[in-house]
Amino acid sequence: MSSLPRRAKVQVQGVVLKDEFSSFSELSSASEEDDKEDSAWEPQKKVPRSRKQPPPKESKPKRMPQVKKNAPQISDGSEVVVVKEELNSSVAIADTALEDRKNKLNTVQTLKTAKTKRKCAAQPHAVRRTKKLKVDEETSKASYLEGESNSSETPSTSTVWGGTCKKEENDDEFTFGQSPLKKIKTETCPQGQPVKFPANANHIKEEVEMNWDIVQVLSERTNIEPWVCANTIRLFNDDNTIPFIIRYRKELINNLDADSLREVQQTLEELRAVAKKVHSTIQKIKKEGKMSECLLKAMLNCKTFEELEHVSAPYKTGSKGTKAQRARQLGLEGAARALLEKPGELSLLSYIRPDVKGLSTLQDIEIGVQHILADMIAKDKDTLDFIRNLCQNRHVCIQSSLAKVSSKKVNEKDVDKFLLYQHFSCNIRNIHHHQILAINRGENLKVLTVKVNISDGVKDEFCRWCIQNRWRPRSFARPELMKILRNSLNDSFKRLIYPLLCREFRAKLTSDAEKESVMMFGRNLRQLLLTSPVPGRTLMGVDPGYKHGCKLAIISPTSQILHTDVVYLHCGQGFREAEKIKMLLLNFNCSTVVIGNGTACRETEAYFADLIMKNYFAPLDVVYCIVSEAGASIYSVSPEANKEMPGLDPNLRSAVSIARRVQDPLAELVKIEPKHIGVGMYQHDVSQTLLKATLDSVVEECVSFVGVDINICSEVLLRHIAGLNANRAKNIIEWREKNGPFINREQLKKVKGLGPKSFQQCAGFIRINQDYIQTFCSQQTETSGQIQGVAVTSSADVEVTNEKQGKKKSKTVANVLLKPNPLDQTCIHPESYDIAMRFLSSIGGTLYEIGKPEMQQKINSFLEKEGMEKIAERLQTTVHTLQVIIDGLSQPESFDFRTDFDKPDFKRSIVCLEDLQVGTVLTGKVENATLFGIFVDIGVGKSGLIPIRNVTEAKLSKTKKRRSLGLGPGERVEVQVLNIDIPRSRITLDLIRVL
């Protein structure tokens with residue numbers, strides 16, 4: 001595999017500043033004290049509430065009509081109380097779960113303090129001071145209150161905080177018979193530096209408690225450091241999205257990529273599902289009165305559904321009893337236990353009852369005892385552990401053969417497809433994932449018969465171990481009793497244990513294969529979505545066809561439909577239709593043709609290639625490309641297409657979609673359900689729930705990282721931004737249509753349904769083009785002078801409002817919200833605006849210079865002089881956050897990182913399959929990637945296959961960082977023809993290099 005392991009356990013936190021260690025240790029100790037106080041608090045002891053003591057102030061601030069989230073100010077005639085809440089100070093991630101609860105409680109306490117202020121206004125100052133000190137003492141001995149209301153420098157979420165959080169009572173029990181206050185979501189898990197952790201830093205309390213630590217198990221299964229797993233769990237618990245974590249919380253996850261983070265999320269969900277199932281099973285068994293202390297402990301130790309099934313199987317109530325249950329109902333369980341514990345005292349003749357079925361003869365009694373012993377053996381944990389370990393060290397193979405289809409007719413084409421698996425056998429440790437999926441599909445189609453073969457040597461060794469160790473009678477047993485025991489072992493292995501092992505092996509192999517298939521689908525989809533766009537061109541989209549003609553659509557550089565038509569190229573009218581096509585291309589100055597790869601694609605490609613070679617479209621230099629039309633037909637009849645292109649024939653909508661896939665692949669492909677794009681492997685055979693969740697996450701990741709212009713993007717594209725959904729995207733579009741374009745990101749907080757958490761997740765991925773709103777804002781009078789005076793606020797300075805609170809706004813805030821902010825066109829998150837402004841002042845730059853060469857020169861010279869680490873330390877932030885700020889300030893306004901990916905392959909001529917020869921070197925484009933090889937379009941109408949064994953590290957591009965040896969759709973490669981099978985239309989290729 002690759003020399004770049006995707007989750008190597010490396011020491012990346014080696015160099016740590018002393019002040020970071022000290023501040024973290026102080027915070028950790030304070031948090032531990034607060035934890036103890038939390039556990040000792042009881043709701044009956046209600047702490048009296050009183051307003052907070054006003055801190056020393058230099059000047060009297062203006063009266064604010066409502067309580068703000070971050071810096072509330074309450075005025076009351078002669079006195080002014082200023083209450084500051086540090087929502088955006090960075091909390092060390094080791095105690096994030098605790099700080100999350102405290103931040104929310106601080107907000108509620110602040111609101112209550114403001115509400116009861118006037119009630120306390122008549123009390124003497126000394127009494128109020130005494131009450132305040134009493135409240136502070138009972139709630140927290142380490143409360144943090146900022147001394148100045150007009151502090152010159154506000155801590156950002158990226159700074160390392162040296163203070164502690166004030167302890168509050170539990171909010172759910174804080175109000176006694178009073179109307180509940182609306183909870184205000186606060187931003188948690190801010191950027192910190194997880195460089196040193198206390199002893200219990202990696203312990204996370206789950207809703208459903210088990211006997212195993214979820215962080216440790218997650219680390220073992222994903223091969224990721226425990227502290228990274230702990231941070232990841234906290235981030236997910238706080239409803240953070242994967243794109244937000246990858247870009248703005250990178251230091252907390254040790255630079256994990258999106259696929260690894262998604263794997264952690266899926267494994268975490270599996271573990272929680274197991275824990276939930278365990279507790280529901282425990283409750284069910286308790287209701288039946290069968291629970292014991294030993295059983296409870298065994299169930300709480302289960303980490304997988306298979307283990308839970310094994311432990312709880314004896315206590316399931318079925319409609320039809322097993323052989324062992326029927327024998328127990330006859331009263332033979334005592335005889336079975338006596339055979340093991342006191343065989344010398346056992347007399348089977350005493351159990352004979354001539355008038356009872358099943359007890360009438362000695363043979364019936366022996367069979368009943370045998371069934372009970374077989375059931376006990378098959379459900380014994382030590383016995384199953386032994387046979388599982390034995391199978392891991394011995395040869396266990398999976399075999400497939402052609403099924404007997406005499407009773408049912410099977411399609412002969414299906415039989416030919418599984419020719420490789422009609423006499424197939426492979427060790428379960430060596431079998432490939434795609435082979436498992438192929439065998440499963442053949443079995444489902446009744447073409448193949450599959451079985452797991454465990455050698456007889458395993459059975460013999462298992463029986464020998466049972467008789468000599470686990471199931472050996474405690475005293476001498478007569479030969480007839482030992483015969484019953486041996487028969488029980490053979491029956492247990494053949495009837496119960498062997499089928500159980502087969503199910504476990506098949507389930508494990510299928511689960512692993514499905515996960516790998518889904519991950520491969522996700523990687524291919526990401527590569528396809530991030531295909532480099534072709535902007536600024538007028539394109540002609542062609543949806544090929546025979547009888548119903550080829551549908552044409554010409555779109556402008558801004559994706560507007562200019563003309564649609566139908567031409568019949570393959571019905572003897574090709575020459576006459578060529579003139580129509582030429583006139584259309586000349587009239588709209590279009591020199592690029594995009595052909596869908598569906599029916600009649602090959603003939604349509606040959607038609608255009610012939611005209612181009614004859615220079616028929618002169619003076620235009622026309623080129624064409626082939627693009628996948630997977631999903632275009634489904635989209636053309638969807639409600640989204642009907643809303644976007646009303647009144648247009650669905651067949652013509654397909655041609656429009658084909659053209660737009662080249663102009664802006666991401667914006668067009670997000671309209672189609674990902675599984676219909678067709679770049680996966682066995683996508684119809686895997687778990688559809690897992691597939692949908694993974695692909696939706698990949699789409700969200702791609703759209704978020706590319707970013708969208710909030711004032712021109714479509715609703716379909718907007719709903720895939722991190723933190724948004726269909727309803728929020730619809731509300732944003734409605735707000736934009738009602739109020740005009742968004743001036744800055746802060747206006748997003750006015751949109752219905754977009755709370756603080758949603759704003760935090762989506763703000764960094766939304767762009768506001770400054771040129772677009774320049775005309776809109778030109779009539780507004782700038783009161784702040786130069787652009788440096790534009791109110792650039794972090795989330796600590798801007799009021800967070802919702803629909804109910806938004807009725808009363810101060811004039812100052814209203815003015816700030818109407819001013820454009822040049823930082824809104826960058827990838828810098830609003831939480832880091834304060835740091836970005838301080839960095840700009842350090843390098844002597846202005847907001848006018850964002851994205852210009854002068855800014856890049858100033859940044860480079862400053863970095864050479866100071867160094868990244870020293871600058872980050874001076875700005876009290878992390879290196880990762882500083883890097884995001886530098887990227888945002890230096891990237892041009894029209895920057896699109898998709899330009900680093902491959903563009904469509906434009907051609908002027910065509911090559912036929914018959915023209916190929918072994919040894920011919922060609923260039924092509926990767927069409928699909930699977931676990932067994934890479935399919936490459938080499939322009940002959942049939943994709944060639946590069947077997948996975950021919951894809952080696954030495955042949956891959958050194959300029960691209962890769963997590964594995966896999967290539968993705970859209971990449972251009974140079975290949976050599978190894979074999980040509982014309983009757984089966986198969987081409988085998990060898991990879992020479994990646995272009």
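What counts, and where the lines are drawn
- Residues numbered from 1 in each chain as written.
- Predicted model: local features only at pLDDT ≥ 70, side-chain atom pairs only at ≥ 80, totals over all residues.
- Heavy atoms only, no water.
- Helix = DSSP H or I, 4+ residues; strand = E, 2+ residues; numbered from the N terminus.
- Contact = heavy atoms within 4.5 Å.
- Pairing = 2+ DSSP bridges.
- Axes fitted to C-alpha atoms, helices over the stretch in contact; angles between N-to-C directions.
- Parallel < 35°, antiparallel > 145°, perpendicular 65-115°, else oblique.
- Left-handed = near helix turned anticlockwise from the far one by under 90°.
- Buried < 20%, exposed > 50% of the residue type's maximum accessible area, 1.4 Å probe, protein only.
- Core = buried A, V, L, I, M, F, W, Y, C linked by side-chain atoms within 4.5 Å.
- Polar contact = N/O pair within 3.5 Å; in protein donor to acceptor, adjacent residues only side chain to side chain.
- Phe/Tyr/Trp six-rings, centres within 6.5 Å; stacked < 30°, edge-to-face > 60°.

Draft legend 1. Fine view of the side chain of D990. Secondary-structure assignment places D990 in strand β17 (residues 986-994). Look past the residues within four positions of D990 in its chain and what remains in contact with it is N950, K955, E974, V975, Q976 and L978.

Draft legend 2. Representation of the environment of K297 in the model. Position of K297 relative to the elements: it lies in helix α8 (residues 293-300). Once the C-alpha coordinates of K297 and M210 are considered, the two residues, 87 residues apart in sequence, prove to be 9.3 Å apart.

Draft legend 3. Layout of the sheet that holds strand β9 (residues 592-596). Strand order in the open sheet formed by five strands is β8-β7-β6-β9-β10, with mixed pairing between adjacent strands. Two strands in the sheet have a free side with no partner beyond their single neighbour: β8 (561-567) and β10 (623-627). Pairs of neighbouring strands in the sheet enclose a mean axial angle of 20°, with direction left out of account. Strand contacts of helix α22 (residues 650-663): β6 (539-543), β7 (550-555), β8, β9 and β10, with the helix running at about 50° to β7, the strand carrying the most contacts.

Draft legend 4. Spatial organisation of the packing of helix α31 (residues 853-866) against helix α33 (residues 879-890). Running from N to C, α31 and α33 point in directions that differ by 150°, and their axes come no closer than 9 Å. Considering their axes alone, α31 and α33 lie roughly antiparallel with respect to each other. As for the relative orientation of α31 and α33, their crossing is left-handed in sense. Residues M855, Q856, I859 and L863 of α31 pack against I886, L889 and S890 of α33.

Draft legend 5. Summary view of the pairing of β9. With five of its five residues buried, β9 lies for the most part within the structure. Both faces of β9 are covered, namely the face carrying T592, V594 and G596 and the face carrying V593 and I595. As judged from the four bridges shared by β6 and β9, these two strands associate in the parallel manner. Looking across to β9, one finds that L539 is bridged to T592. Of the strand pairs in this sheet, β9 and β10 are connected by five bridges, and their pairing is parallel. Each residue of the ladder has a partner; that of T592, found in β10, is V623.

Draft legend 6. Geometry of the nonpolar core. Counting 104 residues, the largest nonpolar core has V278 and L718 as the members making the most contacts within it. Here this core takes 10 residues from helix α7 (residues 258-287), the largest share from any one element. Ignoring anything within four residues of it in the chain, the contact list for L718 reads V708, I710, C713, L724, A729, I732 and I733. V396, I454, C502 and L922 belong to the second-largest nonpolar core, a separate cluster that totals 83 residues.

Draft legend 7. Molecular detail of the side chain of T222. Here T222 is to be found in helix α4 (residues 214-222). A polar atom in the side chain of T222 sits 2.6 Å from the backbone oxygen of L218.

Draft legend 8. Structural view of the packing of aromatic side chains. What the rule picks out here adds up to 11 aromatic pairs. For the ring pair Y616 and F617, a centre distance of 5.6 Å and an interplane angle of 80° mean the geometry is edge-to-face. The pair Y616 / F617 is uniform in exposure class, with both members buried. Taking the centre distance of 4.6 Å and the plane angle of 25° together, the rings of W735 and F742 count as stacked. Relative accessible area serves as the criterion here: at 15%, W735 is assigned to the buried category. Here a set of aromatic residues connected by ring pairs shows up, and it is made of F244, Y248, F705 and F765.

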